[in-house]
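Structure at a glance
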Amino acid sequence: MEYDERSQLLKSSYTEFLDRDYGQGSYVQKINRLADNKEGRLMVDLNELRTFKPDLANGLLETPATHLPPFEMALEEQLRNQRPKYLQEGQEVHLGFNGSFGFHRVSPRELLSSLLSKMVCLEGIVTKCSLVRPKVVKSVHYCPTTDEFMSRQYRDVTSHSGAPTATMYPTRDQDGNLLQTEYGLSIYKDHQTVTVQEMPENSPPGQLPCSVDLVLEDDLVDQCKPGDRVAVVGVYKAVPVSAKGTTSGTFRTLVVATNVRQLAKEVAQPSFSQEDMKNIRKLVKRKDLFEVVADSLAPSIFGHDQIKKALTLQLLGGHEKNLPNGTHLRGDVNVLMVGDPSVAKSQMIRAVMNVAPLAISTTGRGSSGVGLTAAVTQDKDSGERRLEAGAMVLADKGIVCIDEFDK
């Protein structure tokens, strides 16, 4: 009973937020625009919600399971008041969030147990995408004996409203009569699983990059592809792993997304202090600038001046050209190092990786020609095929270092 009262109080607060200024607020116009464009998701700015009532914004971040269902109910009621004919029976509207997330803005490596069941803003690069599959939300069954229809709702662990339901599909009614499933009357929604890995430039050297699974549903499916840099807002959840019908003590974690935003491809530029800028301006005036910069690459290795100059030019990049006849000339510089064993080829590659803002390392022994770009792998849990990005896709706008290329 207390939960129902609390839910009603939250719903009235969110209704007040959506219907501010006596029907002339910004969210009234956003809801009208949502109905005009036939969309199913309203974007809410957390900063505006924090200005209206700080408790609501903090509640959404800390306990989204309590706050999201009343907020969605308030949005649905407001939409029915403004546009009575927009929502069909069984149609849902969803919420997406943007704005300032504070400590809840994390990378996959920082997703720890303290953030479980809380809303997070996750930044990373997409490495795997599963196929888009339909998931049943409501099944309708017809009984020829009694000439009656019955329906059943389904919820899984990714649902924000209520506990998960049983996965048993009804084949008989209470009296034991056979049921026929009416597939045309049943309701489904799109479902996709995506794996997001931490940015290569942010992962600590010498450690494997961390990754986390995302669950995308409804209008969020096919919003990203392998190699895209994304910022995902969602609820971080723990899912029990069932083995032979029993639940073990280990849990699999995933993020149930509420919105996905594409990030720019460009890597963040390094920040320079005033002292750095003075030294750079002083260095520019030197006649032997190119030699000094080349010698600074892998200074522990003696000689190899021409190779160091070539790698320096590769790090600086060439000039991209678009000719008047439409021909596109790439500005990328490719370097192939061939030499005897133990002449510091791998050390040169390691020096380039330490200098470049975005560098991906791989070996010719560990990846085939197809594996460098993309590969189709099979998921262990579901058994379905998914597309996985290779080193060339992950290092877009950066440098790929391939050791043992002849293997």
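Let us look at the structure shown here. In this text, all values refer to a predicted model and were calculated from it rather than measured experimentally. (Residues numbered from 1 in each chain as written. Predicted model: local features only at pLDDT ≥ 70, side-chain atom pairs only at ≥ 80, totals over all residues. Heavy atoms only, no water.)

1. Some points on the overall build of the protein chain
The following threshold applies: Helix and strand assignments come from DSSP, with helices taken as H or I runs of at least 4 residues and strands as E runs of at least 2, each series counted from the N terminus. Relative accessible area decides the class of each residue, using a 1.4 Å probe on protein chains only: under 20% of the type maximum gives buried, over 50% gives exposed, and in between gives partly exposed. When checking whether two residues touch, look at their non-hydrogen atoms; a contact exists if any pair is within 4.5 Å. In short, Shrake-Rupley with a 1.4 Å probe defines the accessible areas, and a residue's cover is counted only from the protein chains shown.
A count of helical and extended segments in the protein chain gives ten helices and 17 strands. Counting over 407 residues, the protein chain shows a buried share of 36%. For the protein chain, the proportion of contacts with a sequence separation of at least 24, taken over those separated by at least 6, is 64%. Total accessible area computed for the protein chain in this model is approximately 24,900 Å², and 52% of it derives from carbon and sulfur atoms.

2. Looking at the side chain of His 141
Put simply, the rule reads: A 3.5 Å cut-off defines polar contacts: any pair of N or O atoms within that distance qualifies, except that in protein one atom must be a possible hydrogen donor and the other a possible acceptor, and neighbouring residues in sequence count only when both atoms are side-chain atoms.
Examined against the element boundaries, His 141 turns out to sit in strand 5 (residues 133-143). Residue His 141 is classed as buried on the basis of its relative accessible area, which comes to 0%. Side-chain polar atoms of His 141 contact the side chain of Ser 139, separated by 2.9 Å. A polar side-chain atom of His 141 sits 3.4 Å from a polar atom in the side chain of Thr 181. Beyond its immediate stretch of four places on either side in the chain, His 141 contacts Glu 148, Phe 149, Met 150, Tyr 154, Tyr 169, Pro 170, Leu 179, Gln 180, Thr 181 and Glu 182.

3. Concerning a nonpolar patch on the surface
As a reminder, the rule being used: Patch rule: a residue counts if its relative accessible area is over 30% and it has no salt bridge; like charges are joined within 9 Å, and nonpolar side chains (Val, Leu, Ile, Met, Phe, Trp, Tyr) within 5 Å. Here, a salt bridge means any Lys or Arg side-chain nitrogen found within 4 Å of an Asp or Glu carboxyl oxygen.
Together, Tyr 169, Tyr 183 and Tyr 188 line one region of the surface with nonpolar side chains, adding up to about 340 Å² of accessible area. Here Tyr 169 shows up in the loop between strand 6 (148-153) and strand 7 (180-181). Assessed through its relative accessible area of 34%, Tyr 169 is described here as partly exposed.

4. Focus: the environment of Tyr 86
Topologically, Tyr 86 is positioned in the loop between helix 5 (64-82) and strand 2 (94-98). Judged by relative accessible area, which is 14%, Tyr 86 ranks as buried. C-alpha separation for the pair Tyr 86 and Asp 36, spaced 50 residues apart in sequence, amounts to 9.1 Å.

5. Some details on the packing of aromatic side chains
Remark: the centre distance and the inter-plane angle together describe each pair of aromatic rings, the angle taken between the planes. Condition: Centres within 6.5 Å make a pair out of two Phe, Tyr or Trp rings, where for Trp the six-membered ring is used; the pair is then stacked when the planes are under 30 degrees apart, edge-to-face when over 60, and tilted otherwise.
Summed over the entire model, instances satisfying the criterion amount to three aromatic pairs. Considering the side-chain rings of Phe 71 and Phe 97, the 6.2 Å spacing of their centres and the 50 degrees angle between planes classify their relative orientation as tilted. Separated by 26 residues along the polypeptide, Phe 71 in helix 5 and Phe 97 in strand 2 bring together distant segments of the chain. Of the two residues examined, Phe 71 and Phe 97, each falls in the buried class. Judged by centre distance (5.0 Å) and plane angle (40 degrees), the ring pair of Tyr 142 and Phe 149 falls under tilted. Through successive ring pairs, a cluster of aromatic residues spans Tyr 14, Phe 71 and Phe 97.

6. A short note on the pattern of salt bridges
In the structure shown here, the tally under the stated rule is ten salt bridges. Residue Arg 41 pairs with Asp 219 through a salt bridge whose shortest N-O separation is 2.9 Å. Of the two residues, Arg 41 sits in strand 1 (residues 41-45) while Asp 219 sits in the loop between strand 9 (211-217) and strand 10 (229-243), which places them 178 residues apart along the sequence. Note on Arg 41: relative accessible area 12%, which makes it buried. Owing to a relative accessible area of 34%, Asp 219 belongs among the partly exposed residues under this scheme. In this structure, the salt-bridge partner of Glu 217 is Lys 189, at a minimum N-O distance of 3.2 Å. Pair noted here: Glu 217 is in strand 9 and Lys 189 is in strand 8 (residues 187-197), with a separation of 28 residues, a long-range link. Linked by salt bridges that have partners in common, Lys 135, Lys 189 and Glu 217 make up one network.

7. What to know about the nonpolar core
Where we set the bar: As used in this record, nonpolar core signifies buried Ala, Val, Leu, Ile, Met, Phe, Trp, Tyr and Cys residues forming a set joined through side-chain atoms within 4.5 Å.
Formed by 31 residues in total, the largest nonpolar core has its most connected members in Leu 42, Leu 49, Phe 71 and Phe 97. The residues contacting Leu 49, other than those within four sequence positions of it, are Tyr 14, Phe 17, Pro 54, Leu 56, Ala 57, Leu 60 and Phe 71. Counting residues in each nonpolar core, the second largest holds 21 residues, with Val 106, Leu 122, Leu 216 and Cys 224 among its members.

8. Comments concerning the packing of helix 7 (residues 289-296) against helix 8 (residues 305-316)
Put simply, the rule is: Axes here refer to lines fitted to C-alpha atoms; in helices the fit is confined to the stretch in contact. Angles between the N-to-C directions go from 0 to 180 degrees. For classification purposes, an angle smaller than 35 degrees is called roughly parallel, one larger than 145 roughly antiparallel, one from 65 to 115 roughly perpendicular, and anything else oblique. Gly counts as polar in this scheme, as do all residues outside two lists: the nonpolar Ala, Val, Leu, Ile, Met, Phe, Trp, Tyr, Cys and Pro, and the charged Asp, Glu, Lys and Arg.
Where helix 7 contacts helix 8, the two axes come as close as 8 Å, and the packing angle between them is 95 degrees. With respect to their mutual orientation, helix 7 and helix 8 come out roughly perpendicular. Side by side, helix 7 and helix 8 meet where Phe 290, Glu 291, Val 293, Ala 294 and Asp 295 of the first sit next to Asp 305, Lys 308, Lys 309, Thr 312 and Leu 313 of the second. Within the contact of helix 7 with helix 8, the residues separate by chemical class into four nonpolar, one polar and five charged.

9. Here we look at the environment of Val 400
With respect to the secondary-structure elements, Val 400 resides in strand 17 (residues 399-403). By relative accessible area, which is 24% here, Val 400 ends up partly exposed. Spatially, the C-alpha atoms of Val 400 and Ile 349 are 9.7 Å apart, while their sequence positions differ by 51 residues. Leave out the neighbours within four places in its chain, and Val 400 touches Ile 360, Thr 362, Ala 391, Met 392 and Ala 395.

Remember, this is a structural readout, not a statement about activity or role.
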